[in-house]
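# Residue-level structural notes
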Amino acid sequence: MAKEILDKLQAELDKAMAELDDAEQAALLLELKEVISDHLDEQKETEEASLIAKLQATAVRFKVEHPTLSESFIFAVNSLNNAGL
């Protein structure tokens, strides 16, 4: 279940990155995408708490300018918490 949530979130990140014209915001999303990829690939030992904290921080950062994307981050955090991560 967690993998499905993160895969969907990565797809949303790809779409959002293509639509952003703010380089700083795009860089933040790219960094988040890399953290998620590392977690999914298990190449790095990304702690779930670290991943969730990063998702929450990004949700706050994008809340005003990109509320739909922010809601996706919050949904992912809640889903991961419900899945026991």
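Structure first, text after, so check above.
Residues numbered from 1 in each chain as written. Predicted model: local features only at pLDDT ≥ 70, side-chain atom pairs only at ≥ 80, totals over all residues. Heavy atoms only, no water.

### Focus on the packing of aromatic side chains
- The tally for this structure, following the rule as stated, stands at one aromatic pair.
- For the pair Phe62 and Phe73, a centre-to-centre distance of 6.3 Å together with 70 degrees between the ring planes defines the contact as edge-to-face. A residue pair is termed long-range when its members are at least 10 positions apart, and Phe62 in helix α3 (residues 48-62) and Phe73 in helix α4 (residues 67-82) qualify at eleven residues. Across the pair, Phe73 and Phe62 agree in class, each one buried.
- The positively charged end of Arg61 is found above the aromatic ring belonging to Phe62, 5.9 Å away from the centroid. (Phe/Tyr/Trp six-rings, centres within 6.5 Å; stacked < 30°, edge-to-face > 60°. Helix = DSSP H or I, 4+ residues; strand = E, 2+ residues; numbered from the N terminus. Buried < 20%, exposed > 50% of the residue type's maximum accessible area, 1.4 Å probe, protein only. Lys NZ or Arg CZ within 6 Å of the ring centre and 35° of its normal.)

### Comments concerning helix α1 (residues 2-19)
- For α1, with 18 residues, the first-to-last C-alpha span of 26 Å sits near the 26 Å given by 1.5 Å per residue.
- Residues Ile5, Leu6, Leu9, Gln10, Leu13 and Ala16 constitute the buried set of α1. The arc that holds the buried residues of α1, viewed along the axis, is 135 degrees, so those residues lie on one side. Summarising the geometry of α1, the exposed residues directed more than 90 degrees from the buried face are Lys3, Glu4, Lys8, Lys15, Ala18 and Glu19.
- If you follow the buried residues of α1, they end up packed against α2 (23-41), α3 and α4. (Expected span 1.5 Å × (residues − 1). Arc of directions from axis to C-beta. Contact = heavy atoms within 4.5 Å.)

### What about the nonpolar core?
- In this structure, Leu29, Ile36, Leu55 and Phe73 are the most contacted members of the largest nonpolar core, which totals 19 residues.
- When residues of this core are traced back to their parent elements, those giving at least two are α1, α2, α3 and α4.
- Discounting residues that sit within four places of it in the chain, Phe73 has contacts with Leu9, Leu13, Leu29, Leu32, Leu55, Thr58, Ala59 and Phe62. (Core = buried A, V, L, I, M, F, W, Y, C linked by side-chain atoms within 4.5 Å.)

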